[in-house]
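# Results of the structural survey
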Amino acid sequence: MKLWGGRFTKSTNQLVDDYTASIHFDKKLAKYDIQGSLAHVKMLKKCAIISADDADMITDGLHSVAAKIDSGEAVLHAEHEDIHMNVEKLLTDEIGSAGGKLHTGRSRNDQVALDMRLYLRDTILEMVQLLKDVQASLYTQAEANQDTVLPGYTHLQRAQPVSFAHHLLAYIFMFQRDVERLTDSWKRVNQMPLGAGALAGTTFPIDREFVAGELHFDGLCENSLDAVSDRDFVVEFLSDASIIAMHLSRLCEEMVQWSSVEFNFIELDDAFSTGSSMMPQKKNPDVAELVRGKTGRVYGHLTGMLTMLKGLPLAYNKDMQEDKEGMFDTAETLRGALGLLAPMIETMHVKKESMYQAVRQDYSNATDLADYLTDKGMTFRESHEAVGNIVLHCINENKYLLDLSLEEFQTFSKLIEADIFKALSPEAVVDARKAYGGTGKESVKQQLEKAEGLLKENQDWYEMKFKYL
Ligand code: ARG
C-alpha cells in the first residue's frame, strides 16, 4: 500500500509506478534527505509536537536507515516512488508506527527543495576546490614559463608575441570569475525551505529558525509558495557550470591545437594521452577533446531546466522532478573534467624552443617596428604604412624582419638605427608591454602575485565553509 494510498480504491498501474518513480536517480539525495529529517525531528521534539520518546526512536531509526543505505543492505523500491518515501518506509520497517510521525508538519515538496539545496551546497564546495586545483596547475606552469615566448593570435593569425605565463594567467583569471560566481550563488542556495509544507505553510507550531540553525543555513525562504516552486538556484548552478564548461572547452581546444605537429607547442604526458587502434604512430589528446565535447551536455541541461520551468504555475508540479538528473550529470561532468585537467596541465611538457622558433619565423614584431618609428618622430599612421612596405619586401624576399641588414632597413627609413635588432627580438618585444595587465615581465610578475593571493582566498573560503557545514 502506498504512503498516500488512503483515498484510492485500486493500486496504481505498474507502468505508472515505473514512469513516475524517481528513486533510480534521487537515491543520490539519501544522505541529504536523512540529514534534513534528523534536523526536522529534533525540532518536532523541541517544540513538543511529538513526544521525546518518539523523536528519539525516529532519530535512532534514521541513523540505522542511513547505515543500511550506505552499506547497500537497504533495498529501494520504485513502488515507493522516490527517496523521501523510501526512507520513510525503511524507517517504519525499522521502528514501527512511530516512524509515521516524522512527516508531521512537512511535505515532500519542501523536503525535496531542502535536499536539493543541501546537495548543491556540497557540490559548490567541491567545484570550488576542483577549480582551485586547476588554477594551481596553471599557476605552476605559468611560474615556470615567465621567459617562454610564443606567438599570440588574433583571428588565429599570428599577431604579437606573448609570454606563455601570460597566456596561462588569462585562464587563471577566467576560472577565478567562475569561482566567484559559485561562491556568490552560495548565499541564494543557502536559504532554508523546510516549513513551507506542500505550498501554504503548516498549522503546527514549528520553529524554522531552529531547523535552519541545525543545518547551517544563512536564512529562511521567505514565502512558502516560492520555497517549494523555486528552482532558480539550480538554474544558476547550471549556468555557472555552463560558463565553466565553456572556459574549459576553450582551454582544451588550445591544448588540442598546441599538441598538433602544426603547432608543436606542447606534448601531453603519456599518462594523459591515448593511442589509435590502427595507426601505431598516433598520440591523441582524447581527454581535451572529450572535455570540449561534453560542453554540449552541460549546456543541454541548462536549456532543459529553463524550458521545463518556464510554463509552470505555482506551486509544485511533478514536472519539477525533472530538475535532478541534469543537475547530477552536470556535477559529474565537471567533476570528471576538472579532476583530470589539473594533473594533465601540471604534467604537460612545454616545448619552449619550438615556441620560440615560431615567434622567430613570423612578423609578430611588426607592431614594435612601427612603435619604434613612431618613437623616433613619425606619426603612427606613417610608420604603419612604412612597416607594411617593409613586411611586403620581406615576404617577397622570403625573409623575416630580423633577417634584414641595417642598410636594407634604412632604404625604408633613415630613422632606423642599429638598436633596431635588439628592439625587435622576441624577448624585447614581449617585455616592452609594461603597462598594467600586459605581457611584459614585470606585469606578469604582478599577475602571478595576484593569482597567488586569489588561490589562497579560494582555499580559505573552502575551508571556512567546509568547517562550518
Ligand atoms: N520526487 C518528487 C520530486 O522530486 C518529490 C516531490 C513530490 N511531491 C509531490 N507532491 N508529488 O519532485
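The sections below set out a description of the structure shown in this document. No experiment lies behind these values; they were computed from the predicted model shown.

### A short note on the pairing of strand β2 (residues 157–163)
- Bridge analysis of strand β1 (residues 149–154) against β2 gives 6 bridges, and the strand direction is antiparallel. The partner of L150 across the bridge, within β2, is V162.
- From the end of β1 to the start of β2, which pair antiparallel, there are 2 residues, and H155 there has a positive phi angle of about 55°.

### Topic: the site of the ligand
- Residues in contact with the ligand, as listed here, are S22, D26, D82, H84, R108, N109, V112, Y316, Q321 and K324.
- The contact in question runs from a nitrogen atom of the ligand to an N or O atom on the side chain of Q321, over 2.9 Å.
- Computed on the free molecule, the ligand has an accessible area of 340 Å², of which 86% lies beneath the protein chains in the complex.
- The greatest single-element share of the shell around the ligand, amounting to 3 residues, is contributed by helix α6 (residues 108–144).
- Residue composition of the shell around the ligand, by class: 2 nonpolar, 4 polar and 4 charged.

### Comments concerning a nonpolar patch on the surface
- Together, L199, L225 and L314 give the surface a local cluster of nonpolar side chains, amounting to about 270 Å² of exposed area.
- As for its position among the elements, L314 is in the loop between α11 (286–310) and α12 (324–347).
- For L314, a relative accessible area of 64% translates into the label exposed.

### Brief notes about the nonpolar core
- Ranked by internal contacts, the top residues of the largest apolar core, which has 110 residues, are L138, L248 and M255.
- Looking at this core, the element that brings in the most residues is α6, giving 16 residues.
- Counting residues in hydrophobic clusters, the runner-up holds 17 residues, among them L373, V387, L401 and F409.

### Details of the pattern of salt bridges
- Summed over all chains, the structure comprises 32 salt bridges.
- K46 is the partner of D207 in a salt bridge, and the nearest nitrogen-oxygen pair spans 3.0 Å. Remark: K46 occurs in helix α3 (residues 30–46) and D207 occurs in the loop between β3 (191–192) and α8 (208–214); sequence separation between them is 161 residues.
- Its relative accessible area of 47% is what places K46 among the partly exposed residues.
- Of the charged contacts, one joins K434 and D431 as a salt bridge, the two residues approaching to 3.7 Å between their closest N and O atoms.
- The class for K434 is exposed, based on a relative accessible area of 60%.

### Describing the side chain of S249
- Positionally, S249 belongs in helix α10 (residues 232–258).
- Setting aside chain neighbours within four positions, we find S249 in contact with R292 and T295.

Definitions and limits used
- Residues numbered from 1 in each chain as written.
- Predicted model: local features only at pLDDT ≥ 70, side-chain atom pairs only at ≥ 80, totals over all residues.
- Heavy atoms only, no water.
- Pairing = 2+ DSSP bridges.
- Helix = DSSP H or I, 4+ residues; strand = E, 2+ residues; numbered from the N terminus.
- Near = heavy atom within 4 Å.
- Polar contact = N/O pair within 3.5 Å; in protein donor to acceptor, adjacent residues only side chain to side chain.
- Areas by Shrake-Rupley, 256 points an atom, 1.4 Å probe, with all protein chains shown as cover.
- Nonpolar A, V, L, I, M, F, W, Y, C, P; charged D, E, K, R; others polar.
- Patch = residues over 30% accessible without salt bridge, like charges linked within 9 Å, V, L, I, M, F, W, Y side chains within 5 Å.
- Salt bridge = Lys/Arg side-chain N within 4 Å of Asp/Glu carboxyl O.
- Buried < 20%, exposed > 50% of the residue type's maximum accessible area, 1.4 Å probe, protein only.
- Core = buried A, V, L, I, M, F, W, Y, C linked by side-chain atoms within 4.5 Å.
- Contact = heavy atoms within 4.5 Å.

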